[in-house]
Amino acid sequence: MSRPKVYQWIENLEIRCKILSIFIAAFLLISIEVPLIISLALIGLLTLSRLMGLPWNFIGKKLLLPMPFLIFMALPLLLGEGLSITQERLEFTYLLVAKGLGVFLLMMMLVFTQEEYQLVEGLRQLPIPKTLSAVLVLSFRYVHVWTGTLKKTYRSSVSRGFEKGWNKNTFKVYGEMVGGMILRSLDQSQRVHKTMLSRGFSRDIPIKPSKALGKREGFWIIGLVATFTLLKVLEMRL
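Residues numbered from 1 in each chain as written. Predicted model: local features only at pLDDT ≥ 70, side-chain atom pairs only at ≥ 80, totals over all residues. Heavy atoms only, no water.

(A) Looking closely at the nonpolar core. Grouped together as the largest cluster of nonpolar side chains are 40 residues, with contacts concentrated most on Leu-29, Leu-106, Trp-220 and Phe-228. Mapped by element, the contributors of at least two residues to this core are α2 (15-30), α3 (35-51), α4 (56-63), α5 (67-78), α6 (87-111) and α10 (215-237). Discounting chain neighbours no more than four positions away, the residues touching Trp-220 are Trp-9, Ile-10, Leu-13, Cys-17, Lys-18, Ser-21, Leu-48 and Met-52. (Core = buried A, V, L, I, M, F, W, Y, C linked by side-chain atoms within 4.5 Å. Buried < 20%, exposed > 50% of the residue type's maximum accessible area, 1.4 Å probe, protein only. Helix = DSSP H or I, 4+ residues; strand = E, 2+ residues; numbered from the N terminus. Contact = heavy atoms within 4.5 Å.)

Listed below in structure tokens is the structure:
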């Protein structure tokens, strides 16, 4: 996963602190029901993303990813009763799209501000079942293996004369590629599981000792949660 170079203060922040605070902030963001407050929250999240070191062009490109899904959900809500759009329906649709973008921004802050392995290690250090933790680590690793194999398969097809495009024939080839990869992955996962059991795998993967939380983590949690709490209080007064 390619990520931009972020500032040192956010990169060195303890990952468990970052995970918990961002998930709490996401729930607080979802609970906001006033368009003005949700707009202020979005502006604040965009500013915070920039203060972390994420470039504007990177933020813009990533925010384009959820837009087709948000638009697909928003249009039926907006035009469900015809072209006569009421203010209530417009506000509800705006809140839906704004909340989706806000949560996506928070997830960007979580995913793109440290190395991948640090995020996985942080998730494993949370109080979750050991089996689920092991599945998380193995799935994370296997996604990279699967995407790498898919790229090799695509390059092999191109070297044999395949030309990418948007027509019936290319869709058929794409479908065969993905279908073959899924069948191969199922077979390979069974072989890997049997190999791990034969080597004594006990559904648990040792992890490094967790890092102690410091003042910096305390300020981060208090600041982020307090900001969204103040927005919620302001919403209640409007």
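Now, onward.
(B) Spatial organisation of the packing of α2 against helix α7 (residues 116-124). For the pair α2 and α7, interaxial distance at closest approach is 8 Å and the crossing angle is 75 degrees. One way to sum up the angle between α2 and α7 is to call them roughly perpendicular. Side by side, α2 and α7 meet where Ile-15, Arg-16 and Ile-19 of the first sit next to Gln-118, Leu-119, Gly-122 and Leu-123 of the second. (Axes fitted to C-alpha atoms, helices over the stretch in contact; angles between N-to-C directions. Parallel < 35°, antiparallel > 145°, perpendicular 65-115°, else oblique.)

(C) Expanded view of the pattern of salt bridges. One pass over the full model with this rule turns up four salt bridges. One salt bridge connects Glu-11 with Lys-5, and the closest N-O pair in it is separated by 3.7 Å. Residue Arg-16 pairs with Glu-14 through a salt bridge whose shortest N-O separation is 3.0 Å. The two residues Arg-16 and Glu-14 agree in class, both being buried. (Salt bridge = Lys/Arg side-chain N within 4 Å of Asp/Glu carboxyl O.)

(D) Structural view of the packing of aromatic side chains. Under the defined criterion, the tally for this structure stands at two aromatic pairs. With centroids separated by 6.0 Å and ring planes inclined at 55 degrees, the aromatic side chains of Trp-9 and Trp-220 adopt a geometry described as tilted. Of this pair, Trp-9 sits in helix α1 (residues 8-11) while Trp-220 sits in helix α10, placing them 211 residues apart in sequence. Taking relative accessible area as the criterion, Trp-9 reaches 34% and is therefore assigned partly exposed. Here Trp-220 falls in the buried class, since its relative accessible area comes to 9%. (Phe/Tyr/Trp six-rings, centres within 6.5 Å; stacked < 30°, edge-to-face > 60°.)

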